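Spelled out from the first residue to the last, the chains are:
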Amino acid sequence: MFLIKEKRKNGTNLCIVQSYRDPITKVSKTKRIMNVGYLEDLQKQYDDPIAHFQEVAKQMTEEYSTKTKPTYLTINPAKSLDQGVDLIKNYGYAALSALYHELKLDVFFRGRQRTVDIDYSLNSIMKLLVYGRILYPGSEKQIYGKKDRLFDKTDFTLDDLYHSFPYFHQYKNQLQSWIHDRICENYGKDTTQMYYYVTNHYFEVSEQDLLQKKGVSREYREDPIIQMGLFVDTNRLPVSYELFPRVRDDVPLLKPALKKARYNFGVDKVVIVDDNRSNNADVLYNSVLSGGNGYIISQTIRNAKPEIKKYVLNQDGYRPLGKDCKIKSRVCKREVRITTPDGKKKTVLLKEKQIVFYNDIHARWAIAEREDVILKSKDIIASPEKYNKATTYGAATYVKNLEYDKKTGAVIQDRQGLYLDEKSLREEEKYDGYYMLLTSELDMSEEEIVDVYTGLWEIENSFRLINSTFHARPDYVSRADHMYTHFSTCFVALTLTRLLELKTQRKYPLQQVIRSLKKCSCVHIEDNYYVTTYYDNVLEFVGNSLGVDFSKRYGTLCTIKENLGATKKR
C-alpha cells in the first residue's frame, strides 16, 4: 500500500491505495483503501502530512502481510479422532449475537445477576436458549446438548439451566419493557397504531391449573390451553405479550388487556388480529370497538351465508396480486346481535371491509391434502369395522350414513349402506385457495390488511415449537414459572428474527436466512485453526447488513473470537 496525491478543484487530495493484478485482464490496477483528506487541511494538524501518512501506509501493508501470510500446518495422517469430540462449531450465530447485543440484553441480565446468589450466568443461559431456539429448535434439553456448537462460554450444567427458570419468570415483565425501550431508541416509535395477535397453545399435561384451562383449540385437542396475546408495532416488531387461560368468553380478558397496552405504550389504537375465534359479536363490539380499537379477523367461507359465497366465486372485481394471487374487496354493513351490560340482546350494524384473496398455490395444497382424506373415507366405507368415532375424525365428513354406537363409539354397520358424499366434495372444492378477511380498518389498503394478517401465521409458526417441548421434562414444565420462561425465550427469539428481517429489508425469506446461518459452520483443522464450511449470497447480504464478515475461509480461534467479540460491542 502506498500514498498518492490527486489534483482536484479544491486542492491536493491524499489517499492510500493498494496495487493488485486483475485476474481476468491480467492488468495491474489499484484500489482505494482509505481516503485521507486534503493536503491543505492536513497541514494544520501535522508537520509533514505526506511523511506521516506514508508511514501509516507502510504499517497497513505490514499488518496486511501478516494477516495474509501463508501458514503451514503439520497434519498427522495416523492421528485418531477421540470419542465424543465434535469438531464442528456454528459461526452463523454471530448475526444473532449482533442483534442480541444491540438490544443490550447482556447488560439487562448482568444487572439482574448482581441481585441473586447463583454461580452460573443468566446471560449465558438466555443466549443459548434464544440462539438454539432459532438455529436448533427442540426442547431445552436438546438445545443444551448443542451448547458446544457455540464459541461462547457455556460452563453451566443442565440443572443450572432448569434452575434459572424462576429467575427468568421473575424478570419477564422487566425484560419486555427493556426490549421495547431499546427498540424505541434504535428504530423510533410510532404511536399511531399497534397490532394485537391472538394465538392458542396446548400443553400435554394431565391437570388443569389457573393458567392452563381446557378450551377450544384449532386442532380440537382436549389438552389444557393457554391463550397468548402478542402486541406488535407497525414495523412488525414484538412489543410485549400477555398469557391468559383459554375461556369461551374472551370479553372479560380482552378489554382490560387492550386498555392496559394503550396506556403503557402510549398508542392511539390497537388492532386485534385473530382467526375465526374472535369473529364473535360481543368480542368485537364490547371488547374492541367500544374502546376505540379495531380488528382484522378471518371469515370462514364454506360456512358463510349464500350471499358471501356468491360474492367470493363471482370473478368480477378481482385484480392480480403477485404471481399466483388475486384480490378484491368491498365495504358493507353487517347486522349482529350483541349483549348489553344489563344482559339484554341488541342489534347493531358493523361497517367493515371484506377482503377476499385467492392463492393458487394454497388451492393446489388443499387438493393434495383432500386426496389423503378421501382415501381414508373410502377405506372407512370398505372396512368400517376398523374404525370408531375417534379414528374417523376428518374423513367422516365425506361419508354418508355414518353412525356410531353410543356406548363404544364403534361404527354401526347394520344400518343404511355407507357411500362417499360426492356432492359435499364438489361444494368444498369450489372454495379451495380462497380466504376472506373482515376488518374495521376501512382506510387500510387490501395489501396492508393481508400483510398484517399474514403476520398471525408467522407468529403461530414461531411459537409452535412450544407446543412440542413440554413433554421433555413434565416435572419441570408443569410449573407456571417454567412455562413463562418458554414463552420469554420464544419472545426474544421472535424479536431477533424480526429485527433480522428489518435489517435485511426482507430481501430473502426468513427460513432461507436461518438455514444459511445454521449451515455457516467452522471445523477445527489443527492447532487453533478452523476452516469455514459454507458461504452464500444470503450470508454475504446478512453480513453486510450487520457488519459481520462470513466470507473468510480460514481463521484462528483468536480471530473468530475477536469477530464474535465485535458483535458484542454495539
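Remember, it's a predicted structure, so these values are computed and weren't measured experimentally.

Draft legend 1. Structural detail: the overall build of the protein. From N to C terminus, the protein includes 20 helices and 19 strands. Across the 570 residues that make up the protein, the buried fraction comes to 47%. Within the protein, counting contacts between residues at least 6 apart in sequence, those at least 24 apart form 63% of the total. A total accessible area of about 30,500 Å² is found for the protein, and carbon and sulfur atoms account for 49% of it.

Draft legend 2. Inspection of the packing of aromatic side chains at higher detail. As enumerated under the stated definition, the model contains 17 aromatic pairs in all. Considering the side-chain rings of Tyr93 and Tyr131, the 5.5 Å spacing of their centres and the 40° angle between planes classify their relative orientation as tilted. Taken together, the positions of Tyr93 in helix α3 (residues 93-102) and Tyr131 in helix α5 (residues 122-135) put the pair 38 residues apart, joining distant regions of the chain. Take Tyr93 and Tyr131: they sit in the same class, and that class is buried. Residues Tyr144 and Phe156 carry aromatic rings whose centres are separated by 6.1 Å and whose planes lie at 55° to one another, so their mutual orientation is tilted. Here Tyr144 is found in helix α6 (residues 140-144), whereas its partner Phe156 is found in the loop between α6 and α7 (158-163), with twelve residues between them in sequence. Among the aromatic side chains, those forming a connected cluster through ring pairs are Phe108, Phe109, Phe168 and Trp178.

Draft legend 3. Structural view of the pairing of strand β3 (residues 28-38). Bridge count between strand β2 (residues 11-21) and β3: nine bridges; the pairing is antiparallel. By the bridge assignment, Ser19 is partnered in β3 with Thr30. In this structure, the hairpin formed by β2 and β3 is closed by a connection of six residues, where Lys26 is found at a positive phi of approximately 60°.

Draft legend 4. Representation of the sheet that holds strand β18 (residues 529-532). One open sheet holds the four strands; their spatial order is β4-β17-β18-β19, and the pairing between them is antiparallel. Taken across any chain shown, the strands that pair with only one partner, and hence form the sheet edges, are β4 (88-90) and β19 (554-556). Between one strand axis and the next, the sheet turns by 35° as a mean value, whatever way the strands run.

Draft legend 5. Region of the structure containing the environment of Glu403. The residue Glu403 is located in the loop between β14 (399-400) and β15 (419-420) in this model. Separated by 15 residues in sequence, Glu403 and Leu418 have C-alpha atoms that sit 9.5 Å apart.

Draft legend 6. Focus on the packing of helix α4 (residues 105-113) against helix α9 (residues 172-187). Relative to each other, α4 and α9 sit at 145°, their axes nearing to 10 Å. As for how α4 packs across α9, the hand of that crossing is right-handed. Side by side, α4 and α9 meet where Leu105, Val107, Phe108, Phe109 and Arg112 of the first sit next to Gln174, Leu175, Trp178 and Ile179 of the second. For the contact of α4 with α9, the residue count by class is seven nonpolar, one polar and one charged.

Draft legend 7. Focus on unusual backbone geometry. Notably, Arg236 is not glycine yet its phi reads approximately 70°, a positive angle. Take Arg236: it is sitting in the loop between β7 (224-232) and β8 (238-245). Positive phi values are uncommon outside glycine, yet Arg506 reaches one of about 55°. As for its position among the elements, Arg506 is in the loop between α17 (480-503) and α18 (510-519).

Draft legend 8. Spotlight on a nonpolar patch on the surface. On the surface, a cluster of nonpolar side chains totalling about 310 Å² of accessible area is made up of Ile75, Ile525 and Tyr554. You can see Ile525 is positioned in strand β17 (residues 521-526). Residue classification places Ile525 among the partly exposed residues on the basis of a relative accessible area of 33%.

Draft legend 9. Summary view of the sheet that holds strand β1 (residues 2-8). One open sheet holds the three strands; their spatial order is β1-β2-β3, and the pairing between them is antiparallel. A strand with exactly one partner marks an edge of an open sheet, and here the two such strands are β1 and β3. Going across the sheet, the axis of each strand differs from the next one's by a mean of 40°, ignoring polarity.

Draft legend 10. Spatial organisation of the side chain of Asn123. For Asn123, the position within the fold is in helix α5. Filtering out sequence-adjacent residues up to four positions away, Asn123 remains in contact with Tyr100, Leu105, Asp106, Phe109 and Arg110.

Draft legend 11. Broad picture of the nonpolar core. The biggest cluster of nonpolar side chains holds 87 residues, and the ones touching the most others in it are Tyr91, Leu161, Leu496, Leu517 and Phe550. The element contributing the most residues to this core is α17, with ten residues. If we ignore the near neighbours within four places in the chain, the residues touching Leu161 are Ile125, Leu128, Leu129, Glu140, Tyr144 and Phe156. If you look at the next biggest cluster of nonpolar residues, it comprises 37 residues, including Val198, Val283, Val336 and Ile338.

Draft legend 12. Quick look at the pairing of β2. Within β2, eight of the eleven residues are buried, leaving the element largely enclosed by the surrounding structure. Examined bridge by bridge, β1 and β2 share seven bridges and lie antiparallel to one another. Among the inter-strand pairings, Lys5 is bridged to a residue of β2, identified as Leu14. With antiparallel pairing between neighbouring strands as the criterion, β1 and β2 make up a hairpin whose turn holds two residues.

Scoring rules and cut-offs
- Residues numbered from 1 in each chain as written.
- Predicted model: local features only at pLDDT ≥ 70, side-chain atom pairs only at ≥ 80, totals over all residues.
- Heavy atoms only, no water.
- Helix = DSSP H or I, 4+ residues; strand = E, 2+ residues; numbered from the N terminus.
- Buried < 20%, exposed > 50% of the residue type's maximum accessible area, 1.4 Å probe, protein only.
- Contact = heavy atoms within 4.5 Å.
- Areas by Shrake-Rupley, 256 points an atom, 1.4 Å probe, with all protein chains shown as cover.
- Phe/Tyr/Trp six-rings, centres within 6.5 Å; stacked < 30°, edge-to-face > 60°.
- Pairing = 2+ DSSP bridges.
- Axes fitted to C-alpha atoms, helices over the stretch in contact; angles between N-to-C directions.
- Left-handed = near helix turned anticlockwise from the far one by under 90°.
- Nonpolar A, V, L, I, M, F, W, Y, C, P; charged D, E, K, R; others polar.
- Patch = residues over 30% accessible without salt bridge, like charges linked within 9 Å, V, L, I, M, F, W, Y side chains within 5 Å.
- Salt bridge = Lys/Arg side-chain N within 4 Å of Asp/Glu carboxyl O.
- Core = buried A, V, L, I, M, F, W, Y, C linked by side-chain atoms within 4.5 Å.

Honestly, it's all geometry; don't read function into it.
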